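As a plain string of letters, each chain reads:
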Amino acid sequence: MQEYKVVDAIKEYVDRLITQRTPTAYLGVWIAAESVDSNLSQVTVQGNTWRFVPKLESVTGLVGKDKVLMIKFPGLPATIHGVVLGDVTLATI
């Protein structure tokens, strides 16, 4: 049965490598721009406040309580990519 432990360990290692290289999307609520730099924002994600979140140059006109889509690539900070309009629960892939 030792060979199953080796196979399980290899599978777990490969799964971890894939997860570490996969971008993650977050839905947040925009609070405000940071006072030190208007290109950085404060965003609430699942009840936690994230500070100094950068945004793409094309993302403009944010107002409090806007829902924003953020994407985090491995090794990079989460970045605001746009405003979510409508009911996000209706979205399908």
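Residues numbered from 1 in each chain as written. Predicted model: local features only at pLDDT ≥ 70, side-chain atom pairs only at ≥ 80, totals over all residues. Heavy atoms only, no water.

## Description of the overall build of the protein
Counted only if it meets this: Helix and strand assignments come from DSSP, with helices taken as H or I runs of at least 4 residues and strands as E runs of at least 2, each series counted from the N terminus. As defined in this context, the radius of gyration uses C-alpha atoms, and a globule is described by 2.2 Å times the residue total to the power 0.38. In this scheme, a residue with accessible area under 20% of its type's maximum is buried, one over 50% is exposed, and one in between is partly exposed, where area comes from a 1.4 Å probe on protein chains only. Contacts are assigned to residue pairs with any non-hydrogen atoms lying within 4.5 Å of each other. Only the protein chains shown count as cover for residues, and the accessible areas themselves come from Shrake-Rupley with a 1.4 Å probe. The charge count treats Lys and Arg as positive and Asp and Glu as negative. His and the chain ends do not count. Charge positions are represented by NZ for Lys, CZ for Arg, CG for Asp and CD for Glu.
When helices and strands are tallied, the protein shows 1 helix and 5 strands. In the protein, the succession of α and β elements from N to C terminus is α-β-β-β-β-β. Computed over its C-alpha atoms, the radius of gyration of the protein comes to 18 Å, more than 25% above the 12 Å expected for a compact globule of 93 residues. Here the C-alpha coordinates of the protein stretch approximately 60 × 35 × 25 Å along the principal axes. A total of 93 residues make up the protein; the buried ones form 19% of that total. Restricting to contacts in the protein with at least 6 residues of sequence separation, those with at least 24 account for 42%. As presented, the protein carries roughly 7,100 Å² of accessible surface, and 60% of it is formed by carbon and sulfur atoms. Of the charged side chains in the protein, 9 are positive and 9 negative, and the gap between their average positions amounts to 3 Å.

Such coordinate-based values are descriptive only and should not be taken to indicate function.
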